[in-house]
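Listed here are the chains, written in short residue letters.
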Amino acid sequence: DMLNLHVHWGTDTAGVNDMIYDTDDGEANSYVYDIVEVVDEHTVRLHMPAKADGQVSYSIGQRSYGKFSVSNCDFFLLDTRGDRDMHDVSQRDKPGVSMLGQHQREWLLREMKASDAKFSFLISSVPMMIPHSGAGGFEADEANKEEAWTGFLDEREMLIDAWDEMDKQVFVMTGDLHNSFAIRVTDNVWEFCCGPHNSVNHVPELDESNRPATGRFQFGPRECDIRWSSYVLADLPRLERLYPHFCVVQINNVFNMPVKQGDKRLVAYPHPQVVFQYYDGWTGELAYAESVSLPRE
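Note that this is a predicted model, so its numbers are computed, not measured. (Residues numbered from 1 in each chain as written. Predicted model: local features only at pLDDT ≥ 70, side-chain atom pairs only at ≥ 80, totals over all residues. Heavy atoms only, no water.)

Here we come to the sheet that holds strand β1 (residues 2-7). Reading across the sheet, the four strands line up as β3-β2-β1-β4 and stay open at both edges, with antiparallel pairing between neighbours. Edge positions in the sheet fall to β3 (43-46) and β4 (58-62), since each has one partner strand and no second. Averaged over all neighbouring strand pairs, the angle between strand axes comes to 45 degrees, with direction disregarded. By the bridge criterion, four bridges tie β1 to strand β2 (residues 31-40) in an arrangement that is antiparallel. Each residue of the ladder has a partner; that of Val7, found in β2, is Tyr31. (Pairing = 2+ DSSP bridges. Helix = DSSP H or I, 4+ residues; strand = E, 2+ residues; numbered from the N terminus. Axes fitted to C-alpha atoms, helices over the stretch in contact; angles between N-to-C directions.)

Structure representation (structure tokens):
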């Protein structure tokens, strides 16, 4: 269950959010190492040698993803941090660069292929089809800024192709971007993002590669269809960019058809539906709804 070894920076100011402390004064071995092998109770073999001998403070990461099922739905809780490779925006489709890591990716595809669930919900902390390349209307401070699957196009495309071949509807539920959107990726794959909840909206023109409010959008090799989104214009003052939304997901597997009014008799739909309903966070009014049902044969 061990994921990696994190040797800590080791200074008294470690973790303080101030660039004046970003110096070379920390522990020489501070790094995140892959654990290749557990040799014995006190020894692990790492993917690279340490730089120096000595005593260090460290922590060992654990794998933190899982799955549960309800009726005809599978829910996959993904870890998009623990085993993530470093991206490179100058080569977003670099082969082998992974958001999930090989262990988690193989587990996910194996479980999805073996399941007889008709709907699969994948919970991802970061968006899949829209770049996260800015910070609330500010240009990114770093040239390599990216916080989305658009920095991992090789793995993203491999996953979408694999999901598209499965006999089920796949919904990638995402966050982190400070906007909400409903995106049709393929006939079988969708992305539904919800945000912000307690912060200012991102500005699509600046922070999301100038994607449209609705319509066709392509970033990387695959075009997608933005069916709806929250959207703020760049001319709004920062503290006026407060348009939160929340999403309610309703799964319709059965309908009530009693023989007598007031009784209850549940009848299964031949083609169950999932309804995604976005509401205005201030007023509670319905802003948009998307219904996805099983395909007709």
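The next point concerns the pairing of strand β6 (residues 73-77). Most of β6 is tucked away, with four of its five residues classed as buried. Bridge analysis of strand β5 (residues 66-70) against β6 gives five bridges, and the strand direction is antiparallel. Across the sheet, Lys67 pairs through a bridge with Phe76, a residue of β6. Counting the residues between successive antiparallel strands, the hairpin from β5 to β6 contains two residues, one of them, Ser71, with a positive phi of roughly 55 degrees. When β6 meets strand β7 (residues 119-123), the two strands line up parallel, connected through five bridges. Looking across to β7, one finds that Cys73 is bridged to Phe119. One crossover worth recording links β6 to the parallel β7 by way of helix α1 (residues 102-114), and it is right-handed. (Buried < 20%, exposed > 50% of the residue type's maximum accessible area, 1.4 Å probe, protein only. Right-handed = clockwise from strand over helix to strand, strands pointing away.)

Nothing here speaks to function; it is geometry throughout.
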